[in-house]
Amino acid sequence: MIVMQPVLEARPLDDFDLWPVADTGSTEFLALDGGLSPAEVGTAVLLVARCNGSGPDLDPEGERPPRPADPLGSFLYGLLTVEDVYAAGGLRVTDRATGIVFQPGCCDGLEDWRDWHGLAEHGGLVGYGHEPVSPVAERFGSTVRLTVNADEPDSPVIVLPVVDLGGLLAGVERDLADFLGLAADWARQYLPPVHRAPVTAALARALDLPVTSVPTVPGSPPEG
């Protein structure tokens, strides 16, 4: 059985205390779907925010407003002002029959996950890293070949029919939409009103989803 999951690159959380987070421990990637706990959603928001300059080294430029002085506003500054939001990660593919795992490389971003549709429809090659680990996805006729590390001649490989890739990508989109719904609900619980909609919209851009795909959560309090 082949499983495809949208994942974020997990990094040390340090002593973060702006909202509850879940310790990622030795986990290399955090899978996004509708089954995450609020603390895991908080971890995902933290990881995406850090990808977009949450530290004080991101200076205002162009039309970007000044960095807020309060700790929360300062931390979210990059996420809310960077035009092209980046989310380190991508799509992880697991062949449960063989145990082979194809993981995102160092040059992969979850915001580019729709590139896989182009691979399925038009063929070609998509690379996600460089030495020492270079994951490569290629289409050969009616099959897609996922090479775990193209820098190794004997690298493990996952091969799947192109016709199966569309269904896997549809599942990825459902997982991302479900996560975005959780994130919108999380924002209503853990962020002040001024940040709720902007953070949800920024996450939607990071996942290449329309913000209109956020489902309405029954019983959730209104914005404002």
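Predicted model, so just to flag it, every value in this text is computed and none were measured.

Calculation criteria
- Residues numbered from 1 in each chain as written.
- Predicted model: local features only at pLDDT ≥ 70, side-chain atom pairs only at ≥ 80, totals over all residues.
- Heavy atoms only, no water.
- Helix = DSSP H or I, 4+ residues; strand = E, 2+ residues; numbered from the N terminus.
- Expected span 1.5 Å × (residues − 1).
- Buried < 20%, exposed > 50% of the residue type's maximum accessible area, 1.4 Å probe, protein only.
- Pairing = 2+ DSSP bridges.
- Core = buried A, V, L, I, M, F, W, Y, C linked by side-chain atoms within 4.5 Å.
- Contact = heavy atoms within 4.5 Å.
- Axes fitted to C-alpha atoms, helices over the stretch in contact; angles between N-to-C directions.
- Parallel < 35°, antiparallel > 145°, perpendicular 65-115°, else oblique.
- Nonpolar A, V, L, I, M, F, W, Y, C, P; charged D, E, K, R; others polar.
- Phe/Tyr/Trp six-rings, centres within 6.5 Å; stacked < 30°, edge-to-face > 60°.
- pLDDT = per-residue confidence, 0-100.

**Q** Looking at this structure, I do not really get helix α1 (residues 38–51). What am I missing?
**A** Think of an α-helix as turning once every 3.6 residues; residues three or four places apart then point the same way. For α1, spanning 14 residues, the distance from its first C-alpha to its last is 20 Å, which sits close to the expected 20 Å at 1.5 Å a residue. Residues of α1 that are buried include every one of V41, G42, T43, A44, V45, L46, L47, V48 and A49, and no others. Looking at the residues trailing α1, positive phi occurs at G53, about 75°.

**Q** I tried to follow the pairing of strand β3 (residues 89–95) on my own but got confused; where do I start?
**A** In the case of a regular strand, side chains alternate between the two sheet surfaces. Across the 7 residues that make up β3, a large majority, 7, are buried. Here strand β1 (residues 2–9) runs beside β3; their pairing, made up of 7 bridges, is antiparallel. Residue pairing in the sheet places V3 in a bridge with T94 of β3. Pairing between β3 and strand β4 (residues 100–102): 3 bridges, direction antiparallel. Bridge pairing in β4 places D95 opposite I100.

**Q** Teacher, can you tell me more about the nonpolar core here?
**A** Generally speaking, nonpolar side chains in soluble globular proteins are found buried as a group. Formed by 57 residues in total, the largest nonpolar core has its most connected members in M4, W19, L32, L110, W116 and L146. When residues of this core are assigned to their parent elements, the largest contribution, 11 residues, is made by helix α4 (residues 162–190). Sequence-distant contacts of W116, that is, excluding residues within four places in its chain, are made with M4, L91, V93, F102, Y128, A137, L146, L165 and L169.

**Q** What's the story with the sheet that holds β4 in this structure? I'm lost.
**A** Across a sheet, paired strands are connected by hydrogen bonds in the backbone, their directions being either parallel or antiparallel. Strand order across the open sheet formed by 4 strands is β2-β1-β3-β4, with antiparallel pairing between neighbours. Strands at the two margins of the open sheet, each flanked by one partner only, are β2 (29–31) and β4. With direction set aside, neighbouring strand axes in the sheet form an average angle of 35°.

**Q** Looking at this structure, I do not really get the packing of α1 against α4. What am I missing?
**A** For the pair α1 and α4, the least separation of the axes is 10 Å and the interaxial angle reads 95°. As judged from the angle between their axes, α1 and α4 are roughly perpendicular. Here P38, V41, G42, A44 and V45 of α1 lie close against α4, whose contacting residues are F179, L182, A183, W186 and Y190. Class assignment for the residues of the contact of α1 with α4 results in 9 nonpolar, 1 polar and no charged.

**Q** In this structure, what is going on with the environment of V7? I would like to understand it.
**A** With respect to the element layout, V7 can be found in strand β1. Owing to a relative accessible area of 0%, V7 belongs among the buried residues under this scheme. As a C-alpha pair, V7 and L110 span 103 residues in sequence and 7.3 Å in three-dimensional space. Not counting the four nearest positions on each side in its chain, V7 is found in contact with F29, L30, A31, A88, G89, G90, R92, P104 and L110.

**Q** Is there a simple way to explain the packing of aromatic side chains in this structure?
**A** Each aromatic ring pair is specified by the distance between its two centres and by the angle formed by the two planes. What the rule picks out here adds up to 6 aromatic pairs. Centroid distance W19 to F75: 5.8 Å. Interplanar angle 75°. Geometry classified as edge-to-face. Of this pair, W19 sits in the loop between β1 and β2 while F75 sits in helix α2 (residues 71–81), and the two are 56 residues apart along the sequence. Per residue, the accessibility class of W19 equals that of F75, and both read buried. One aromatic cluster is present, formed by F16, W19, F75, W186 and Y190 through successive ring pairs.

**Q** Please clarify how the environment of G25 should be interpreted in this entry.
**A** Inspection of the secondary structure puts G25 in the loop between β1 and β2. Through-space distance from the C-alpha of G25 to that of R11 is 8.9 Å; in sequence the pair is 14 residues apart.

**Q** When you look at the confidence of the model for the protein chain in this model, what are you seeing that I'm missing?
**A** Close reading of the predicted structure is inappropriate where its pLDDT is low. Per-residue confidence for the protein chain gives a mean pLDDT of 88, with 89% of residues at or over 70. The least confident element of the protein chain, judged by mean pLDDT, is strand β5 (residues 124–127) at 78; the most confident is β1 at 97. Here residues 216–224 scores under 50 on pLDDT; set against residues more than four positions off or in separate chains, the count is 12 contacts.

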